[in-house]
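Now for the letters of each chain:
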Amino acid sequence: MARKLLVIADLRNGRVRNVTHEALAAARRLAGGGEVAAALVGDGVAGQAEGLGAHGADKVYVVEGAELAQYTPDAYSAVVERLIRSADPDVVFFAHSAVGRDLAPKLAARFGAGQVSDVVDVADDGGELVFTRPIYAGKAFTRVKIPEGKVFATIRPNNLPAGEPDSGHTAVVETVPVPLSGEALRTVVKDVVQKATSGVDLTEAKIIVSGGRGVKSAEGFKPLYELAEVLGAAVGASRAACDAGYCDYSMQIGQTGKVVTPDLYIACGISGAIQHLAGMSNSKVIVAINKDPEAPIFKVANYGIVGDLFEVVPMLTEELKKVLAE
Amino acid sequence: MNIIVCMKQTFDTEERIVLENGKIKEDGVKFVINPYDEYAVEEAIRLKEQHGGQVTVITLGPTRAEEALRTALAMGADEGVIIDDPALFGDEYTASRVLAKAIEKHPYDIILCGNQAVDDGSGQVAVRVAELLGIPHIGTVTKLEVADGKVTAHRDAEGDVEIVEGRPPILVTAQQGLNEPRYPSLIGIRKANKKPLTRYTAAELGLDAGTASAKSEILETFLPKPKAGGRILQGDLAAQVKELVQALRTEEKVL
């Protein structure tokens, strides 16, 4: 069955994030000969259109304007609403990201439509789209469909295959005017403070180095950051570490906090409380480093090292430096 | 200031999930206020303490959710509303329609909600409610200030912080880090039982099962494959570290 899909590109620092390529590949697979369109919304983002074409978009709508430099629900929903009304897609994909999570339900409500959030898989089951998504932060999963109307979905990074870009596949680029004026915005972003984290976003990181109560202090995260730097990894934390004030809550991984599914998760000094395991046990490979051989984290770890993280982590950093330099 | 908090009763995050006949088993489970909603309740009470006013907590869910409302009342909320009519249980579309109808029966300047629930985790309902009420929202907030008719919020955007301004009436969703919820005091618990609790039926909200029926349909609920539990490396630490790096490169191919 041919269907029309629209993918709202997710941008970070003006660049399309990989999750958008994953959504485009899924859209391509599900289109059944129908059109896959993508939307680029922002300021100075037109240059990203080519990449969206190579990743499977037949058409790219570019909506640019100074008032779109920062995400605000009012401006972005007005723009995307207009795109949806004119392109009339059957399915709209967003990233399950800071923007997508905020924008998708606003539009779903405006269109009186159903939405599936945090999708980790999607299949065409005899003409119907069936989505798989985690519940209880990954302690369980459901398969969900939306029998009628437009389908809105947010796609979890790192779960659907992105596919290789094909420079031979180009998209028709259509520039769309911005349908709003400044006064219409009911919330305004006054400032953006970049936090001094490693710069790799936790939810999209391929590798995560994570610390728990065992890091003992804010200073104790230092060897973890050094390991993360060698690996190009993001740094996360358990609730115990956040509650103890060793790190910011934005780093927390677990049922409260972020749910992550990287290729490699290195848990340092994390015992493995159920609420933490929920947030990370669907990672592809888990390494646990902990002094306590009875720590529950070892039950979900593919590889375990029983030892003091302050001894093991620097050794691991040195070994990786050596091996990765080869 | 009139503040409304939407909240949900959820499993405690330390609970394991067990399936029985394809459904999640609830017997013997400890229920709590959804942790994100608990931040919302706490913030509402702090705003009231600062500015005066009234805090109304609203929940949609089975009758057991009344217990969560009583906890919020014991923390310091003034009035509870429960909608426990099973005809109004559905998906996020349903919940937002029902909550919006219930909210419309009460005056409000600020609506506070958790940014998501730790059970379904879809993070849709609060934003949908704002849209249905025709008011703006600020999502995943870690700091909130209300002064001179202006709302200033710190929004968590993937580790960055956006400083966002808006004006009431407005809906704000709570993110972890917003505050540390208080425990109800003994006096609070005693008072909670005397505070008013209103129950709305579908008819009272002008809804019937048809008008707000779910858009999504759950076909199956399943548990992830259990992890086999892996290899605990042996030998001296240096050898273990070498073996680990080797395995991650050649066997797992993640480096």
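Here the structure is a predicted model, which means the values were calculated and not measured.

### Examining helix α1 (residues 18-31) of chain A
Spacing of three or four residues puts side chains on the same side of an α-helix, whose turn is 3.6 residues. All names here are of chain A. With 14 residues, α1 ought to run about 20 Å at 1.5 Å a step, and its terminal C-alpha atoms sit 20 Å apart, in line with that. Burial analysis of α1 places eleven of its 14 residues in the buried class, which makes it a mostly covered element. Of the residues making up α1, those classed as buried are V19, T20, H21, E22, A23, L24, A25, A26, A27, L30 and A31. Where α1 terminates, the next one or two residues include G32, which has phi positive at roughly 55°.

### Structural notes on the sheet that holds strand β10 (residues 150-157) of chain B
Picture the strands of a sheet paired through backbone hydrogen bonds; they go either parallel or antiparallel. One open sheet accounts for ten strands, arranged β13(A)-β11(B)-β10(B)-β9(B)-β12(B)-β8(B)-β1(B)-β6(B)-β7(B)-β13(B); its pairing is mixed. Strands with a single pairing partner mark the edges of an open sheet, and in this sheet they are β13 (188-193) of chain A together with β13 (197-199) of chain B. The mean angle between the axes of side-by-side strands here comes to 30°, regardless of whether they run parallel or antiparallel. Two elements, strand β8 (residues 110-114) of chain B and strand β12 (residues 170-174) of chain B, share five bridges in a ladder whose sense is parallel.

### Quick notes on the packing of aromatic side chains
Tallied over the entire structure, the rule returns seven aromatic pairs over all chains. Note on A:F141 and B:F222: the rings are 5.7 Å apart at their centroids and 20° apart in plane angle, and the pair reads as stacked. Of this pair, A:F141 sits in strand β10 (residues 140-145) while B:F222 sits in strand β14 (residues 217-222), each in a different chain. For B:F222, a relative accessible area of 24% corresponds to the partly exposed category. Between B:Y36 and B:Y39, the aromatic rings sit 6.3 Å apart at their centres with planes inclined by 75°, giving edge-to-face as the arrangement. Separated by three residues within a single helix, B:Y36 and B:Y39 lie in helix α1 (residues 35-51), roughly one turn from each other. Classification of B:Y36 as buried rests on a relative accessible area of 1%. In this structure B:Y39 comes out as buried when scored by relative accessible area, which is 8%.

### Examining the domain arrangement of chain B
By a frequent convention, interface size equals the accessible area lost on bringing the separate parts together. The assigned domain composition of chain B is domain 1 (2-199) and domain 2 (224-255). On a C-alpha basis, the centroid separation for the pair domain 1 of chain B and domain 2 of chain B is 43 Å.

### Concerning helix α5 (residues 222-231) of chain A
Residues and elements named next belong to chain A. Every buried residue of α5 is listed here: P223, L224, L227, A228 and L231. Seen from one end, α5 has its buried residues packed into an arc of 140°, which puts them on one side. Its buried side turned inward, α5 meets β14 (207-211), β15 (234-237), β16 (264-268) and α9 (309-325). Among the residues trailing α5, G232 stands out with phi positive, at a value near 65°.

### Topic: the interface of chain B and chain A
Contact residues are listed per partner, giving 77 residues for chain B and 92 residues for chain A. Where chain B abuts chain A, roughly 7,300 Å² becomes buried across the two surfaces, and 57% of that area is made up of carbon and sulfur atoms. The largest per-residue losses of area from chain B upon contact with chain A belong to B:E131, B:E158 and B:K227, which jointly make up 10% of the total buried on that side. Counting across the interface, chain B meets chain A through ten salt bridges. Across the pair A:R110 and B:E131 runs a salt bridge whose closest N-O atoms are separated by 2.7 Å. In this assembly, chain B and chain A are joined by 33 residue pairs in polar contact (both at pLDDT 80 or more). It is helix α6 (residues 237-251) of chain B that contributes the most residues to the side of chain B that touches chain A, eleven residues altogether. Looking at the side of chain B that touches chain A residue by residue, the classes come out as 33 nonpolar, 20 polar and 24 charged. As paired elements, β13(A) and strand β11 (residues 160-166) of chain B share five bridges and run antiparallel to each other.

### Structural notes on the sheet that holds β10(A)
What the four strands build is an open sheet, ordered β8(A)-β9(A)-β10(A)-β14(B); its pairing is antiparallel. Each edge of the sheet is formed by a strand with only one pairing partner; in this case those strands are β8 (121-125) of chain A together with β14 of chain B. When strand polarity is set aside, the average angle formed by the axes of neighbouring strands in this sheet is 25°. Contacts between α1(A) and the sheet are confined to β8 and β9 (128-135) of chain A, with β8(A) contributing the most and set at about 5° to the helix.

### Here we look at the confidence of the model for chain B
Residues of chain B with pLDDT of at least 70 account for 100%, and the chain-wide mean is 96. For this predicted complex, the interface confidence reaches an ipTM of 0.95, while the overall pTM sits at 0.95.

### Topic: the pattern of salt bridges
Going through the model one piece at a time under the given rule, you end up with 43 salt bridges over all chains. Linking A:E174 and A:K59 is a salt bridge whose minimum nitrogen-to-oxygen distance equals 3.4 Å. With a gap of 115 residues between them, A:E174 in strand β12 (residues 172-175) and A:K59 in strand β5 (residues 59-64) connect regions that are remote in the sequence. Given a relative accessible area of 33%, A:E174 falls into the partly exposed group. The closest approach of N and O atoms between B:E26 and B:R64, which form a salt bridge, is 3.2 Å.

### Focus on the pairing of β8(B)
Every other side chain in a regular strand lies on the same face of the sheet, so the side chains alternate between the two faces. Residue and element names in this part refer to chain B. Most of β8 sits inside the fold, with five of its five residues counted as buried. Alternating residues of β8 divide into I110, L112 and G114 and I111 and C113, and every residue in both groups is buried. Looking at chain direction, strand β1 (residues 2-7) and β8 are connected through four bridges and run parallel. Residue pairing in the sheet places I4 in a bridge with I111 of β8.

Cut-offs and rules
- Residues numbered from 1 in each chain as written.
- Chains lettered and ligands numbered in written order.
- Predicted model: local features only at pLDDT ≥ 70, side-chain atom pairs only at ≥ 80, totals over all residues.
- Heavy atoms only, no water.
- Helix = DSSP H or I, 4+ residues; strand = E, 2+ residues; numbered from the N terminus.
- Expected span 1.5 Å × (residues − 1).
- Buried < 20%, exposed > 50% of the residue type's maximum accessible area, 1.4 Å probe, protein only.
- Pairing = 2+ DSSP bridges.
- Axes fitted to C-alpha atoms, helices over the stretch in contact; angles between N-to-C directions.
- Phe/Tyr/Trp six-rings, centres within 6.5 Å; stacked < 30°, edge-to-face > 60°.
- Domains from an automatic or database assignment.
- Arc of directions from axis to C-beta.
- Contact = heavy atoms within 4.5 Å.
- Buried area = accessible area lost by both parts, 1.4 Å probe.
- Salt bridge = Lys/Arg side-chain N within 4 Å of Asp/Glu carboxyl O.
- Polar contact = N/O pair within 3.5 Å; in protein donor to acceptor, adjacent residues only side chain to side chain.
- Nonpolar A, V, L, I, M, F, W, Y, C, P; charged D, E, K, R; others polar.
- pLDDT = per-residue confidence, 0-100.

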